[in-house]
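These are the residues of each chain, in order.
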Amino acid sequence: WRALSEHTSYSSPVVGTAAGRRQFVTATCEGLVGLDVADGSLLWRVPFKTHANRNVLTPILSGDRVYFASHSTGMRCLALAPSQGGVTATEAWFNKSLRINLPTPVLVGGQLYGVGAGKDFVCINATNGVVEWSEKGYGEVANVISDGARLLVLCEIGRAHV
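Residues numbered from 1 in each chain as written. Predicted model: local features only at pLDDT ≥ 70, side-chain atom pairs only at ≥ 80, totals over all residues. Heavy atoms only, no water.

**Examining the nonpolar core**
In step 1: One finds W44, Y67, M75, L112 and I124 to be the most contacted residues of the largest nonpolar core, which totals 28 residues.
In step 2: Elements with a contribution of two residues or more to this core: β1 (14–18), β2 (21–27), β4 (42–47), β6 (65–70), β7 (74–83), β8 (86–95) and β11 (121–125).
In step 3: Counting 12 residues, the second-largest nonpolar core is a separate cluster that includes C123, L151, V153 and C155. (Core = buried A, V, L, I, M, F, W, Y, C linked by side-chain atoms within 4.5 Å. Buried < 20%, exposed > 50% of the residue type's maximum accessible area, 1.4 Å probe, protein only. Helix = DSSP H or I, 4+ residues; strand = E, 2+ residues; numbered from the N terminus.)

Here is the structure:
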């Protein structure tokens, strides 16, 4: 199938089940969308326009929630719920100060971990979007991966934190 006629973004799509529907969730230059994997039909759309007309981070799909951020607008969490013939996406929380550029945060045990706008490594409560703690010294771009229990953070200067 083929869907939408919007400009693409640098963001990678994800596929998963949310609100009882198998979905292809992706960011375009204009916003975040959920498409039915069977036929590409639009299930939901949330405008998410940035100052640079691009989205970079990959959406994080977890249960019936989608987490997404941009350096120019902040981080938000969408709650997805079934509706007649589709899915309704409503904003669960929005934190303008979480202007994350790169990389996509990692969700582990109810917290999101990533590099914030101040080059600080941050731990964000996934339920409410509040920063639980932050630590300086990780640089502007750090790669974060997890095995589900531990984090490995590779900094731009080649230092690893476990």
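**A few points about unusual backbone geometry**
In step 1: One non-glycine residue, A19, lies in positive phi territory at about 55°.
In step 2: Summarising the element assignment, A19 is placed in the loop between β1 and β2.
In step 3: Classification of A19 by relative accessible area gives buried; the value is 5%.

**What to know about the sheet that holds strand β5 (residues 60–62)**
In step 1: Here we have 4 strands laid out as an open sheet, ordered β5-β6-β7-β8, and antiparallel in their pairing. Among the strands making up the open sheet, the edge pair consists of β5 and β8. Averaged over neighbouring strand pairs, the angle between their axes works out to 25° when direction is ignored.
In step 2: Bridge analysis of β5 against β6 gives 3 bridges, and the strand direction is antiparallel. Bridging across to β6, I60 finds its partner in Y67. (Pairing = 2+ DSSP bridges. Axes fitted to C-alpha atoms, helices over the stretch in contact; angles between N-to-C directions.)

**Describing the sheet that holds strand β10 (residues 111–115)**
In step 1: The strand order across the open sheet formed by 4 strands is β9-β10-β11-β12, and the pairing between neighbours is antiparallel. Looking at the sheet topology across the chains shown, the edges are occupied by β9 (106–108) and β12 (131–135). Adjacent strand axes in the sheet meet at a mean angle of 20°, parallel and antiparallel pairs treated alike.
In step 2: In this structure, β10 lies alongside β11, joined through 5 bridges in antiparallel fashion. Of the residues in β11, the one forming a bridge with L112 is I124.

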